[in-house]
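Each chain, letter by letter, is given below.
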Amino acid sequence: MLRNDQMDAWDRENFFHPSTHLAEFARGNLPNRVVTGGNGCHIEDRNGNRLLDAFSGLYCVNVGYGRQEIAEAIADQARELAYYHAYVGHGTEASITLAKMVLDRAPDHMSKVYFGLSGSDANETNIKLVWYYNNILGRPEKKKIISRWRGYHGSGLMTGSLTGLDLFHRKFDLPLTQVIHTEAPYYYRRVNLDQSEEQFVAHCAAELEALIEREGADTIAAFIGEPALGTGGLVPPPAGYWDAIQTVLNKHDILLIADEVVTGFGRLGSMFGSDHYGIKPDIITIAKGLTSAYAPLSGSILSDKVWKVLERGTDENGAIGHGWTYSAHPIGAAAGVANLKLLDDLRLVDNARDMGAHFKQALIDAVGDHPHVGEVRGEGLLCAVEFVEDRDSRTYFDPSRTVGAKVNAALLDRGIISRAMPQGDTLGFAPPFCLTRAEAEEIAAKLGDAVKEILG
Ligand code: PMP
């Protein structure tokens, strides 16, 4: 076994960690953490620390750590057949079964699923398919994609462009010109505080329509959005938002991509966020919760309307020129099948709904009245606490004070992993669906202590 000091040296010398301050890490000013095990809602590191992971890794280990059923399914598949590709009609029992299980759970009008590896590559696929779709329909100009500020859709070239967060654009020459951004449905952060929810929703829809009219509807192919904003702040939409947006999109014949990488398979307490909010997407992006991250796998679920045009395209042009070596990887597919079974057998989506309501209330009880807590919000097991300098005016703290990061660190000192979201001082919570009442209350109580330590 590698000695700790050797591992630390190799780590800093060789390993390019994503989303990390590279220079600080190389200098040794940022701590590393070597994770060695996990069970239920907890992970362990090599120093013997046992931490309650209230963010499920990167909100992906939805069924919790250490699930032997999934590990066995992966091992069985690896022993039997670790790999075969899915090109030209090939498949495995696992990939065929998983496609059926995904479609059985997806909204009724969905028709086919394409499997990728990550949320980013699934969204890259989606944009290519939307472009292909419009080319087949003889509308080569209808190509731009509308996304929202604060949306997160990945960090590739196209998907990093769709992402509406400055951090992911800065110094990367993004966004690409085909992507345009519109207002985020972030009611708490509305410019005009006098607006009711209804008025704010009307404002978001009007902004979208004005953008479409400025650009020309015949240049816009699709709108992409997360049912509830994730990385951009964990923000459930105001009531009526999706109805209003869909009315505008339908009027201008613009496809809707629901990015359910976070919300798919139960995070909001419903199987899909689209069901939860009455969204009727043309394409749904799935990843994280599909396998609970036991193996990398993502997917693009296509509606019948989109599929029929793609079929026509291949009649006219031959086989579709799109695919990854690892599309529908058998090990990922086997993990997906076992994961979705577990979700059903243990009724984990119901627990996400019920425990989510309890957890949010516990957070409100713990910190809701604190003068520097602007909002506690959430839906299912996706919750956030937003800190502000001043509650009435909702003024942000000066970013140099890194208040969110400090509360996050104070919570970690108490054995709880949350996530300081990249924009503003918002702390995110997205625990595994097997969260117990005692664990929910432990997180809330320790958050109360951490907030007191940092903000008085
Ligand atoms: N879409 C959403 C909504 C996400 O939250 C993420 C990842 N957090 C992605 C896409 C990208 O997924 P990945 O990191 O697997 O590429």
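All figures in this text were calculated on a predicted structure; none of them were measured in a lab. (Residues numbered from 1 in each chain as written. Predicted model: local features only at pLDDT ≥ 70, side-chain atom pairs only at ≥ 80, totals over all residues.)

J.: Got a minute to help me understand the overall build of the chain in this structure?
T.: Regarding its fold elements, the chain presents 16 helices and 15 strands. In terms of overall dimensions, the chain has C-alpha extents of about 65 × 60 × 45 Å along its principal axes. Taking contacts inside the chain between residues at least 6 apart in sequence as the whole, the part at least 24 apart equals 72%. (Helix = DSSP H or I, 4+ residues; strand = E, 2+ residues; numbered from the N terminus. Contact = placed C-beta atoms within 7 Å.)

J.: Would you take a moment to explain the sheet that holds strand 4 (residues 110–116) for this structure?
T.: Strands pair in a sheet through their backbones, by hydrogen bonds, and they do so in one of two ways: parallel or antiparallel. Spatial ordering of the open sheet is given by 4-10-9-8-7-5-6, a layout of seven strands whose pairing is mixed. In this open sheet, the two strands that pair with only one neighbour each are strand 4 and strand 6 (179–182). Neighbour-to-neighbour, the strand axes of the sheet open up by a mean angle of 20°, direction not taken into account. Across the sheet, helix 6 (residues 119–136) is in contact with strand 4, strand 5 (144–148), strand 7 (220–225), strand 8 (255–259), strand 9 (283–286) and strand 10 (298–303); its angle to strand 10 comes to roughly 30°. Across the sheet, helix 12 (residues 304–317) touches strand 4, strand 9 and strand 10, and the angle it forms with strand 10 is around 90°. (Pairing = 2+ DSSP bridges. Axes fitted to C-alpha atoms, helices over the stretch in contact; angles between N-to-C directions.)

J.: For this particular structure, what's the right way to read the nonpolar core?
T.: Nonpolar side chains in soluble globular proteins tend to be buried together. One finds Ala222, Ile301, Ala334, Ala335, Val337, Leu363 and Leu447 to be the most contacted residues of the largest nonpolar core, which totals 128 residues. Residue contacts for Ala334: discarding those within four places in its chain leaves Ala73, Ile74, Gln77 and Ala94. (Core = buried A, V, L, I, M, F, W, Y, C linked by C-beta atoms within 7 Å. Buried ≥ 20, exposed ≤ 12 C-beta atoms within 10 Å, placed from the backbone.)

J.: Would you mind going over the site of the ligand with me for this structure?
T.: Taken together, the neighbourhood of the ligand is formed by 15 residues, with Ser118, Gly119, Ser120, Gly154 and Val261 sitting nearest. It is helix 6 that provides the largest number of residues to the shell around the ligand, a total of three residues. In terms of residue class, the shell around the ligand is made up of five nonpolar, eight polar and two charged. (Near = placed C-beta within 6 Å. Nonpolar A, V, L, I, M, F, W, Y, C, P; charged D, E, K, R; others polar.)

J.: What am I meant to see in the confidence of the model for the chain here?
T.: Atom-level detail of predicted coordinates should not be read off regions where pLDDT is low. A residue-level look at the chain finds 100% of positions with pLDDT of 70 or above and a mean pLDDT of 97. Confidence metrics for the complex model read pTM 0.98 and ipTM 0.99. (pLDDT = per-residue confidence, 0-100.)

J.: What is the right way to read the environment of Gly156 from this model?
T.: When you line up the elements, Gly156 lands in the loop between strand 5 and helix 7 (157–162). Excluding residues within four positions of it along the chain, Gly156 makes contact with Ser120 and Glu124.

J.: What's the story with the pairing of strand 5 in this structure? I'm lost.
T.: On a regular strand, one side chain projects to one face of the sheet and the next to the other, so that they alternate. When you tally the buried positions in strand 5, you get four out of five residues, the bulk of the element. Pairing of strand 5 with strand 7, which is carried by three bridges, proceeds in the parallel orientation. In the strand pairing of strand 7, Lys144 is matched with Ile220. Direction of pairing for strand 5 relative to strand 6: parallel, over a ladder of four bridges. If you follow Ile146 over to strand 6, its bridge partner there is Ile180. After leaving strand 5, the chain enters helix 7 and then returns to the sheet as strand 6, a path that is right-handed. (Right-handed = clockwise from strand over helix to strand, strands pointing away.)

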